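Tertiary structure, described
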Amino acid sequence: MRLISSSIFVLLAAIPTSLVAALPLFTTPGECHTALDNSRTLYNDGDKKAAYKLLIHMQAHCTNFPQIEHNLGVLAVSNEQYDVAIQHFENSLQQDKRSQDTADQLQQVRAYQASIAYSEALQLRSRAPKPASTMQDSTKINSIAPPLPRAQSNLHNTSTVEYELYDWWQSARDNNKEAWLSHYEQQYPPPPGAMTAPVKWQNTQRRINFTAQDAVAIVSYQSKGLQQHRQLLMRLQGNRWKIYQEFQLQ
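Notes on the structure follow. Here the residue numbering is sequential within each chain, running from 1 through the sequence in written order. At least 70 in pLDDT is required for a residue's local features to be given in this predicted model, at least 80 for side-chain atom pairs to be given and counted, and no such filter applies to totals for whole chains, interfaces and linings, which use all residues. Values reported for side chains reflect all heavy atoms of the structure, with hydrogen atoms and water molecules removed beforehand.

Next up on the list: the packing of helix α2 (residues 48-59) against helix α3 (residues 66-78). Under this scheme, a helix contributes an axis fitted over its contacting stretch, all axes are lines through C-alpha atoms, and angles between N-to-C directions fall in the 0 to 180 degree range. Put simply, DSSP marks the helices as runs of H or I at least four residues long and the strands as runs of E at least two long, and each gets a number from the N terminus on. Running from N to C, α2 and α3 point in directions that differ by 150°, and their axes come no closer than 10 Å. Classified by the angle between their axes, α2 and α3 sit roughly antiparallel to one another. The crossing of α2 and α3 is left-handed. Here Lys48, Ala51, Tyr52, Leu55, Ile56, Met58 and Gln59 of α2 come into contact with α3, specifically with Ile68, Glu69, Asn71, Leu72, Leu75 and Ser78. Each residue receives one of three labels: charged for Asp, Glu, Lys and Arg, nonpolar for Ala, Val, Leu, Ile, Met, Phe, Trp, Tyr, Cys and Pro, and polar for the others, Gly being one of them. Looking at side-chain class alone, the contact of α2 with α3 contains eight nonpolar, three polar and two charged residues. Geometric relationships in this document are graded by angle, where less than 35 degrees denotes roughly parallel, more than 145 denotes roughly antiparallel, 65 to 115 denotes roughly perpendicular, and other angles denote oblique. Each helix crossing is assigned a hand: it is left-handed if the near helix lies turned anticlockwise from the far helix by less than a right angle, otherwise right-handed if that turn is clockwise. Note on definitions: a residue-residue contact is assigned when non-hydrogen atoms from the two residues lie within 4.5 Å.

The next subject is helix α5 (residues 100-121). In a regular helix each residue adds 1.5 Å, so 22 residues correspond to 32 Å; α5 covers 32 Å between its end C-alpha atoms and thus fits that length. After α5 finishes, the residue Gln123 shows a positive phi value of roughly 55°. Given a helix with a known number of residues, its expected span is that number minus one, times 1.5 Å.

Attention now goes to the packing of aromatic side chains. Here the distance between the centres and the angle between the planes together describe a pair of aromatic rings. A pair of Phe, Tyr and Trp rings is counted when the ring centres sit within 6.5 Å of each other, with Trp represented by its six-membered ring. The angle between the planes then sorts it: under 30 degrees is stacked, over 60 is edge-to-face, the rest tilted. Considering all chains together, one arrives at nine aromatic pairs under this definition. The interplanar angle of 65° and the centroid separation of 5.1 Å between the aromatic rings of Tyr82 and Tyr112 together place this pair among those described as edge-to-face. A residue pair is termed long-range when its members are at least 10 positions apart, and Tyr82 in helix α4 (residues 82-95) and Tyr112 in helix α5 qualify at 30 residues. Under the scheme applied here, a residue whose accessible area is under 20% of the maximum for its type counts as buried, over 50% as exposed, and between as partly exposed, the area being computed with a 1.4 Å probe on protein chains only. Of the residues examined, Tyr112 reaches a relative accessible area of 5% and is grouped as buried. An aromatic cluster is present here, built from Tyr163, Tyr166, Trp168, Trp169, Trp201 and Tyr221 joined pairwise through their rings.

Turning our attention to the sheet that holds strand β1 (residues 205-210). The pairing criterion is simple: DSSP has to find at least two bridges between the two strands. Reading across the sheet, the four strands line up as β1-β2-β3-β4 and stay open at both edges, with antiparallel pairing between neighbours. This sheet does not close on itself; its edge strands, each paired only once, are β1 and β4 (240-249). Within this sheet the neighbouring strands show an average axis-to-axis angle of 20°, counted without direction. Bridging between strand β2 (residues 214-223) and strand β3 (residues 226-237) involves 10 bridges; their strand directions are antiparallel. Bridge pairing links Val219 to Arg230 in β3. Packing of helix α7 (residues 158-173) onto the sheet brings it into contact with β1, β2, β3 and β4, and relative to β1 it is tilted by some 135°.

As structure tokens, then:
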């Protein structure tokens, strides 16, 4: 297991929290469970420094607890240290590849990083919402996260996403709401006014990038004398790329 230096967070030495006033010695198996739950409580109570100190202490004593690396990743996300967060989440997955929760939060961070890169490239002020990460406790039981099937991995290419975007755009131009909605995840409601396609598809510009499992697309076009940019976060459902988040860039 790779350890990340505690200096990353530039934490102060004084931790005025009773939960970690005396760090546990881990003389019984249950103390790792208790300490893990305490780390989550500290974080949720806003004491990130104490949570971090406790988790670093646990790394040397508690084996087979991938939640430790996951929770360190959450702390890194909260400090906007996304490269550090990715490393912690990946460390957690190396210890327990079943962790769908960790895999999902890792995808959110990577998608946000891709959004930042696109926004800066286009010199835009807005970007995707920051990833919302949550800590795990000792009761967390993760579902199995299988690798992408070969058929799905072959769909990670620009032409496949481009076709989905074209059909999504054309459905809006044809005012075919049923076909248009089929491009969104069922649980995600498109933003108000999203069903609009004011120009022909050939008059749009598309930028498409991929994270480990997601696609990030920006569709740009001129409308009413203004340059418009719409960013879409997409992921595979079966053999279809579905939109799970959409917003207007400015």
